[in-house]
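Now for the letters of each chain:
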Amino acid sequence: MEFKEKQAIEAFALRIRMAALEAIHSIGSGHVGGVMSISDALAVLYGREMKVRPEDPKWPDRDYLVMSKGHAGPAVYATLALKGFFPYEELKTLNRGGTRLPSHCDRNKTPGVDMTTGSLGQGTSQAAGLALGNKLRGRNNRVFLIVGDGEMDEGQCWESFLFASAKKLGNLVVLIDWNKRQLDGYLDEVLPMGDFVAKMEAFGFDTVKVDGGDVEAIAAALERTRNGGDKPYAIVLDTIKGHGIDEVEAIAMNHSLPVTDERFANWTAELKAKLDALEG
Amino acid sequence: MTKIVYNGETDPRLCKDVIGATVASLADGDPDVIFLDADLMSCSGTLKWSKTHADRAIDCGIAEANMAGVAAGLAAAGFKPIIHSFGTFASRRIYDQIFLSGGYAKNDITVIGTDPGVTATMNGGTHMPFEDVALYNALPHATVIDASDPTCLESVLRQCVNRPGIKYIRVGRKQYAKIYEDGSELPIGKAVTLREGKDVVIFAAGIMLHEAMKAAASLEAQGVSAAVVDCFTIKPIDADAVEAWAKKCGAVVVAENANRHGGLYDTILEVLAERCPVPAAVVAVEDEFGEVGTQGYLQERFGLTAAHIEEQVKSVLARK
Ligand SMILES: Cc1ncc(C[n+]2csc(CCOP(=O)(O)OP(=O)(O)O)c2C)c(N)n1
Ligand SMILES: [Mg+2]
């Protein structure tokens, strides 16, 4: 990746964080930790990897995103708003009565959201079905599935992985947000998951592990998946829950947090400083 | 002893704290009581206690169906499992496991489903159970409770642990209008009259009790005498109380924070049809999916307010 492009994607990731934070602040609290940890991957996906048309969100040949950890909706909404799928100002309707931006992703409400999620695990099978359907239709596109590491507790995830590799869904790319924490604390305290790479390989996935805060590494891992083939792909994103905001990273239980005016000001200032340093 | 102290004020306790304290005290008093959660101990008020009671508080991770099956196995091993998740997952997500490994196999389990109906607020439509009551109503011999307030919650939870079958308690995590004096006993299966009346009876449960009491007060000012009866036990319904009140008033309104199909309304209509057919009407969710918003917004959106109850009372009185 060229330096300029790398800079642009990093800036996009910071803007996603700032926009998501603005949305969450407008309603007072939200799933800050898991929004921040997945922002870099979303920036790479929507910044360079995915074929999408903001003016035609239902274009059948697009690449699809299934945010199975549906509580990261605000990160998706921030990304889509910045891409022009809907007006930026609409982010402030998050979770308001009648909104098109509910806390969990909803394919019938938000332009650009491809699947309805929120009950953890369910996005994985839906993504496998989308990938199978696209393959049967002869479409030349990919389905990107984002799964939380805690979400991987759900048996349904493993049923869908078994299915995806058995059906040779080389058009499916699973990104695991390995941020080490779920709702009640660290995975290692709640239900240790062991080695995700070994598990995904055992389930028949072409698997790599990358630094999930390094856009260049994520981009390289995603480029590999352009080749398709007989095996579905897994990318284990080694991330930090709350990544990008020091104070959030340091709060052990950062799954869902109130975002007060003071926090919003401080956290936005931190992100803005990083953006300024990047763009000069 | 059951003492009603309703005056419209809010009980200061959070229901999640009541769950946490009651579970801890039950486990203290009975070595067979064991608690399981699915990565939501922070939400059931049990997380802190779990850290010092690792053998009695089992975090199963985000794997509700497995949790239900494990609970069945623990029951077979002689334990009295209490399991918790949000109401959607504690009903739909585990239904086959709780039905077969639990109910059918006679492994007794207490299930707590938090954030019923519109109390799921900010978690939105995917987390908003309007159907949990119907699902558990359809499970043979199950006990189905829509807790009225923190006191009721504590009382029923204590009874459920030693009650056979599958017991499902739905309750919000936050605050409720205070209805019963602290420490009151609410025997499962017994409806409680919160307010006497003669023109119409409102059968209600859960958060709808507060709305029903507000409606009854407003109706009184308009010359309509409305009784309010707490049907926190939806199954087994207190059929004698339903019949007696229906006979006395000759008109019935049911108010529930759930889909109108398969819940308290249907349960009461069955009693009326078989024992005492009188005009009836309902205030419930009109066969819709949930959505996101504040509880106030959602109660308006789905018609779960005192004003809607008043409206239905008037419509049913016109048919009397
Ligand atoms: C089936 C189901 N069970 C429980 C929940 C409640 N819940 C929402 S997020 C969450 C923790 C998710 O942890 P993880 O997958 O690691 O997400 P992240 O750390 O990326 O936020 C839980 C338990 C849910 N949404 N769905
Ligand atoms: Mg996680």
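Position numbers for residues count from 1 along each chain, tracking the sequence in the order it is written. Numbering of ligands from 1 and lettering of chains from A proceed in the order in which they are written. In keeping with the predicted nature of the model, local features appear solely for residues at pLDDT of at least 70, side-chain atom pairs appear and are counted solely at 80 or more, and the whole-chain, interface and lining totals rest on all residues. Note: side-chain values were computed over all heavy atoms of the structure, leaving out hydrogens and water.

1. Considerations on the sheet that holds strand β2 (residues 64-67) of chain A
Sheet strands pair via backbone hydrogen bonds, and the direction of the pair is either parallel or antiparallel.
Residue and element names in this part refer to chain A.
Piece 1. Pairing is parallel in the open sheet, where five strands are placed in the order β2-β3-β4-β6-β5. The outermost strands of the open sheet, each flanked by one partner alone, are β2 and β5 (206-211). The average angle at which neighbouring strand axes cross in this sheet is 20 degrees, direction not considered.
Piece 2. Two strands pair under a simple rule: DSSP has to find at least two bridges between them. To qualify as a helix, a DSSP run of H or I must reach at least 4 residues; to qualify as a strand, a run of E must reach at least 2; elements of each kind are numbered from the N terminus. Relative to strand β6 (residues 233-238), β5 runs parallel, the two sharing six bridges. Between N-to-C directions, angles span 0 to 180 degrees; the directions come from axes that are lines fitted to C-alpha atoms, helices contributing only their stretch in contact.

2. Quick word on the side chain of Thr117 of chain A
Piece 1. Take Thr117 of chain A: it is sitting in the loop between α3 (73-83) and α4 (122-136).
Piece 2. A distance of 2.7 Å separates the side chain of Thr117 of chain A from the backbone oxygen of Met67 of chain A, its partner in a polar contact.
Piece 3. Contacts are residue-level and defined by heavy atoms, with any inter-residue pair within 4.5 Å sufficient. Look past the residues within four positions of Thr117 of chain A in its chain and what remains in contact with it is Val66, Met67, Ser68, Gly70, His104, Cys105, Gly123 and Gln126 of chain A together with Thr126 of chain B. Two N or O atoms count as a polar contact when they lie within 3.5 Å, although within protein this holds only if one can serve as hydrogen donor and the other as acceptor, and sequence-adjacent residues are included solely when both atoms are side-chain atoms.

3. What about the coordination of the magnesium ion (ligand 2)?
Residues and elements named next belong to chain A.
Piece 1. Each metal's donors are the N, O and S atoms within 2.8 Å of it, or within 3.2 Å when it is Na, K or Ca, and because water is not part of the set, sites may look incomplete. For the magnesium ion (ligand 2), the full set of protein donor atoms is Asp149 (OD), Asn179 (OD1) and Arg181 (O), at a range of 2.0 to 2.1 Å.
Piece 2. Mapping the donors of the magnesium ion (ligand 2) onto the primary sequence gives the spacing D-x29-N-x1-R. Within this pair, whereas Asp149 is found in the loop between β3 (143-148) and α5 (155-166), its partner Arg181 is found in the loop between β4 (172-178) and α6 (187-190), the two being separated by 32 residues in sequence. Neither residue differs from the other here; Asp149 and Arg181 are each classed as buried. The buried label goes to any residue with under 20% of its type's maximum accessible area, the exposed label to any with over 50%, and the partly exposed label to all in between, with areas taken from a 1.4 Å probe on protein chains only.

4. Comments concerning the sheet that holds strand β9 (residues 226-230) of chain B
Residue and element names in this part refer to chain B.
Piece 1. With mixed pairing, five strands are arranged side by side in an open sheet as β7-β9-β8-β11-β12. Taken across any chain shown, the strands that pair with only one partner, and hence form the sheet edges, are β7 (192-195) and β12 (280-285). The average undirected angle you get between the axes of adjacent strands in this sheet is 25 degrees.
Piece 2. As defined by bridge partners, strand β8 (residues 200-204) adjoins strand β11 (residues 252-259) across four bridges and the pair is classed as parallel. Of the residues in β11, the one forming a bridge with Ile202 is Val253.
Piece 3. Contacting β7, β8, β9, β11 and β12, helix α9 (residues 208-221) runs over the sheet at an angle of about 165 degrees to β9.

5. Observations concerning the side chain of Thr22 of chain B
Piece 1. Within the secondary structure, Thr22 of chain B is located in helix α1 (residues 15-29).
Piece 2. Beyond its immediate chain neighbours, meaning those up to four positions away, Thr22 of chain B contacts Glu154, Leu157 and Arg158 of chain B.

6. Things to note about the pairing of strand β6 (residues 166-171) of chain B
Residues and elements named next belong to chain B.
Piece 1. Counting buried positions along β6 yields six of six residues, so the element is predominantly enclosed.
Piece 2. Burial along β6 is two-sided: Ile166, Tyr168 and Arg170 and Lys167, Ile169 and Val171, pointing in opposite directions, are all buried.
Piece 3. Sheet topology places strand β4 (residues 109-114) next to β6; six bridges connect them, and they run parallel. Bridge pairing in β6 places Val111 opposite Tyr168.

7. Describing the packing of aromatic side chains
All names here are of chain A.
Piece 1. Any two of the Phe, Tyr and Trp rings considered here, Trp counted by its six-membered ring, make a pair once their centres fall within 6.5 Å; the pair's planes then place it as stacked at under 30 degrees, edge-to-face at over 60, or tilted in between. With the rule as written, the count across this model stands at nine aromatic pairs over all chains.
Piece 2. Taking the centre distance of 5.3 Å and the plane angle of 90 degrees together, the rings of Trp158 and Phe161 count as edge-to-face. Pair noted here: Trp158 and Phe161 are both in helix α5, with a separation of three residues, about one helical turn.
Piece 3. On the basis of relative accessibility, which here comes to 15%, the residue Trp158 falls in the buried class.
Piece 4. Accessibility expressed as a relative area gives 0% for Phe161, which makes it buried.
Piece 5. Between Trp158 and Phe203 the ring centres are 5.0 Å apart and the planes differ by 55 degrees, which places this aromatic pair in the tilted class. You can see Trp158 sitting in helix α5 and its partner Phe203 sitting in the loop between α7 (196-202) and β5, a full 45 residues away along the chain.
Piece 6. Aromatic rings pair up to connect Trp158, Phe161, Phe203 and Phe205 into one cluster.
Piece 7. In this scheme, Lys NZ or Arg CZ marks a charge over a ring once it lies within 6 Å of the ring centre and within 35 degrees of the ring normal. Over the ring of Trp59 we find Arg53; its NZ or CZ atom is 3.7 Å from the centre of that ring.
Piece 8. A cation over a ring is seen here: Lys180 above Trp178, with NZ or CZ 4.1 Å from the ring centre.

8. Focus on the site of ligand 1
Piece 1. A cutoff of 4 Å decides nearness: a residue is near a molecule or strand if any of its heavy atoms lies inside that distance of it. What surrounds ligand 1 is a group of 24 residues, the closest being Lys69, His71, Asp149 and Lys241 of chain A together with Glu64 of chain B.
Piece 2. Close to ligand 1, residues of chains A and B are found.
Piece 3. Residue Gly118 of chain A places a main-chain N or O atom 2.8 Å away from a nitrogen atom belonging to ligand 1.
Piece 4. Here an oxygen atom of ligand 1 and a side-chain polar atom of Asp149 of chain A are 2.6 Å apart.

9. Some remarks on the domain arrangement of chain B
When the parts of a complex come together, some accessible area is lost, and that lost area is often taken as the interface size.
All names here are of chain B.
Piece 1. What the domain assignment reports for chain B is domain 1 (15-171) and domain 2 (192-318).
Piece 2. All the domain ranges listed were derived from an automatic or database domain assignment. Here domain 1 and domain 2 have C-alpha centroids that lie 26 Å from each other.
Piece 3. Contact with domain 1, which involves 28 residues of that partner, is made by 31 residues of domain 2.
Piece 4. By buried area we mean how much accessible surface two parts lose on assembly, using a 1.4 Å probe and totalling the loss over both. Of the roughly 2000 Å² buried between domain 1 and domain 2 on both sides combined, carbon and sulfur atoms contribute 62%.
Piece 5. Counting the surface domain 1 buries against domain 2, the share from its top three residues, Val118, Phe130 and Asp146, is 32%.
Piece 6. A pairing counts as a salt bridge when a side-chain nitrogen of Lys or Arg comes within 4 Å of a carboxyl oxygen of Asp or Glu. Taken together, the connections running from domain 1 to domain 2 amount to zero salt bridges.

10. Some thoughts on the state of the cysteines
Piece 1. By definition, disulfides here are pairs of cysteine sulfur atoms that lie within 2.5 Å. Applying the stated criterion across every chain yields a total of zero disulfides over all chains.
Piece 2. Residue Cys43 of chain B stays outside any disulfide, its sulfur separated by 14 Å from that of Cys15 of chain B, the closest cysteine.

11. Observations regarding the environment of Phe289 of chain B
Residues and elements named next belong to chain B.
Piece 1. Examined against the element boundaries, Phe289 turns out to sit in the loop between β12 and α12 (295-301).
Piece 2. With 172 residues separating them along the chain, Phe289 and Gly117 place their C-alpha atoms 9.9 Å apart.
Piece 3. Non-local contacts of Phe289, meaning those with residues more than four positions away in its chain, are made with Phe130 and Phe302.

12. Some details on helix α4 (residues 64-76) of chain B
Residue and element names in this part refer to chain B.
Piece 1. Given a rise of 1.5 Å per residue, 13 residues ought to cover 18 Å, and the 19 Å separating the end C-alpha atoms of α4 matches this to within 8%.
Piece 2. Those residues of α4 that fall on the buried side of the exposure criterion are Glu64, Met67, Ala68, Ala71, Ala72, Leu74 and Ala75. One side of α4 carries all its buried residues, which in axial view fall inside an arc of 160 degrees.
Piece 3. Of the surrounding elements, those touching the buried residues of α4 are β1 (33-37), β3 (80-86), α5 (89-93), α6 (95-104) and β4.
Piece 4. In the stretch just after α4, Gly78 is the one whose phi turns positive, near 105 degrees. The span you would expect from a helix comes to 1.5 Å times its residue count less one. This arc is built from the directions going out from the helix axis to the C-beta atoms.

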